[in-house]
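Report on the structure
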Amino acid sequence: MVKGQIDEILIRRKKYRDPKFSAAELAEMLGLSVWKLSRIVRQEYGMRYAEVVHECRIKDAMQYLRNKKFEAYSVDDIGAMVGFGNRQSFFGAFKKIVGTTPEKYRIMA
């Protein structure tokens, strides 16, 4: 039940795109403690809250990087659009998940 609520808020409503949206805010929305939310996220998703958020952002970024409509946007712009607060965190998360940088991914796509 709680996983469905997390999916609704975090994923379907795309709250992960808000760089200021925190686990504490999500926990409050769900009426849970941050500790309890963290435990549920680890059980249901097999990763930490931040990793779930990064994965959602990277999936979006990959779609933008492949889409010709977004060619005029810089890689940094796309990182900001999907919710990363800075280039370093975007590139680090992208490389960890995809195995290459966003710039190289864009060229290969």
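Being a predicted model, the structure only gives us computed values, none of them experimental.

**Things to note about the packing of aromatic side chains**
Taken as a whole and assessed by the stated rule, the structure comprises six aromatic pairs. Relative to Y105, the ring of F94 has its centre 5.6 Å away and its plane inclined at 65 degrees; by these criteria the two rings are edge-to-face. Here Y105 lies in helix α7 (residues 102-108) and F94 lies in helix α6 (residues 87-98), a separation of 11 residues in the sequence. As far as burial versus exposure is concerned, F94 and Y105 are alike and both buried. Taken together, the aromatic side chains of F84, F90, F91, F94 and Y105 make up a single cluster linked through ring pairs.

**Re the nonpolar core**
Among the nonpolar cores identified, the biggest contains 18 residues, and I6, L10, L26, L37, Y49 and V52 are the most heavily contacted of them. Contributions of two or more residues to this core are made by α1 (2-12), α2 (23-30), α3 (34-45) and α4 (49-66). Those residues within four positions of Y49 in sequence are excluded, and the remaining contacts are L10, F21, S22, A23, L26 and V41. In terms of nonpolar packing, the next biggest core, distinct from the first, is built from 15 residues, A61, F84, F90 and F94 among them.

**Structural notes on the packing of α1 against α2**
Direction vectors running N to C along α1 and α2 enclose 125 degrees, while the axes themselves pass 11 Å from each other. Of the possible angle classes, the one that applies to α1 and α2 is oblique. Crossing geometry of α1 relative to α2 is assigned as right-handed. On α2, the residues touching V2, Q5, I6 and I9 of α1 are L26, M29 and L30. For the contact of α1 with α2, the class distribution of residues is six nonpolar, one polar and no charged.

The rules behind these values
Residues numbered from 1 in each chain as written. Predicted model: local features only at pLDDT ≥ 70, side-chain atom pairs only at ≥ 80, totals over all residues. Heavy atoms only, no water. Phe/Tyr/Trp six-rings, centres within 6.5 Å; stacked < 30°, edge-to-face > 60°. Helix = DSSP H or I, 4+ residues; strand = E, 2+ residues; numbered from the N terminus. Buried < 20%, exposed > 50% of the residue type's maximum accessible area, 1.4 Å probe, protein only. Core = buried A, V, L, I, M, F, W, Y, C linked by side-chain atoms within 4.5 Å. Contact = heavy atoms within 4.5 Å. Axes fitted to C-alpha atoms, helices over the stretch in contact; angles between N-to-C directions. Parallel < 35°, antiparallel > 145°, perpendicular 65-115°, else oblique. Left-handed = near helix turned anticlockwise from the far one by under 90°. Nonpolar A, V, L, I, M, F, W, Y, C, P; charged D, E, K, R; others polar.

This is a description of form; function is not addressed.
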